[in-house]
Amino acid sequence: MSMNHPHSGPARRTAAVLNEQIRGLWLRAGGSLSPDEAAEYQRLVTEWAAAMRDEIVEAA
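From a predicted model like this one, the values you see are computed outputs, not experimental measurements.

1. Here's the deal with the packing of aromatic side chains
- Counted according to the given criterion, the structure contains one aromatic pair.
- Taking 5.5 Å as the distance between ring centres and 75° as the angle between the ring planes, the aromatic pair formed by Trp 26 and Tyr 41 counts as edge-to-face. Here Trp 26 is found in helix α1 (residues 15–29), whereas its partner Tyr 41 is found in helix α2 (residues 35–59), with 15 residues between them in sequence.
- We classify Tyr 41 as partly exposed; its relative accessible area is 28%.

Below is the structure:
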């Protein structure tokens with residue numbers, strides 16, 4: 001089955017991969033995010049949410 005999404009790039013990361021990146025960001029930051037880290041966190045969470053939606057739709 002083809003996974004063509006209109007707003008997805010060629011290298012779509014899974015929710016699990018993004019979750020690990022989010023956890024790693026928090027660990028590296030020691031629990032307090034700088035403004036740059038907060039922006040990265042927001043980007044990762046947004047991408048994670050989209051990946052979760054895609055995975056739920058695919059499972060259905």
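2. Quick notes on the environment of Glu 55
- With respect to the helices, strands and loops of the structure, Glu 55 is situated in helix α2.
- By relative accessible area, which is 36% here, Glu 55 ends up partly exposed.
- As a C-alpha pair, Glu 55 and Ala 15 span 40 residues in sequence and 8.0 Å in three-dimensional space.
- Apart from residues lying up to four places away in sequence, Glu 55 is in contact with Thr 14 and Ala 15.

3. Some thoughts on the confidence of the model for the protein
- For the protein, the mean per-residue pLDDT works out to 86, and 82% of the residues sit at or above 70.
- In this model residues 1–6 is a low-confidence stretch, pLDDT under 50, and it forms two contacts with partners more than four residues away in sequence or in other chains.

4. Side note on the nonpolar core
- If you look at the biggest cluster of nonpolar residues, it comprises six residues: Ala 15, Leu 18, Ile 22, Leu 25, Leu 44 and Ala 51.
- Sorting the residues of this core by element identifies α1 and α2 as the ones contributing at least two each.
- Ranked by the residues each element gives to this core, the list is headed by α1, at four residues.
- Once you skip the residues sitting within four places of it in the chain, Leu 25 turns out to touch Leu 33, Glu 37, Glu 40, Tyr 41 and Leu 44.

5. A short note on α2
- Spanning 25 residues, α2 covers 36 Å between terminal C-alpha atoms, matching the ideal 36 Å at 1.5 Å per step.
- Among all positions of α2, only Leu 44, Glu 47, Ala 50, Ala 51 and Asp 54 are buried.
- On its buried face, α2 sits against α1.

What counts and how
Residues numbered from 1 in each chain as written. Predicted model: local features only at pLDDT ≥ 70, side-chain atom pairs only at ≥ 80, totals over all residues. Heavy atoms only, no water. Phe/Tyr/Trp six-rings, centres within 6.5 Å; stacked < 30°, edge-to-face > 60°. Helix = DSSP H or I, 4+ residues; strand = E, 2+ residues; numbered from the N terminus. Buried < 20%, exposed > 50% of the residue type's maximum accessible area, 1.4 Å probe, protein only. Contact = heavy atoms within 4.5 Å. pLDDT = per-residue confidence, 0-100. Core = buried A, V, L, I, M, F, W, Y, C linked by side-chain atoms within 4.5 Å. Expected span 1.5 Å × (residues − 1).

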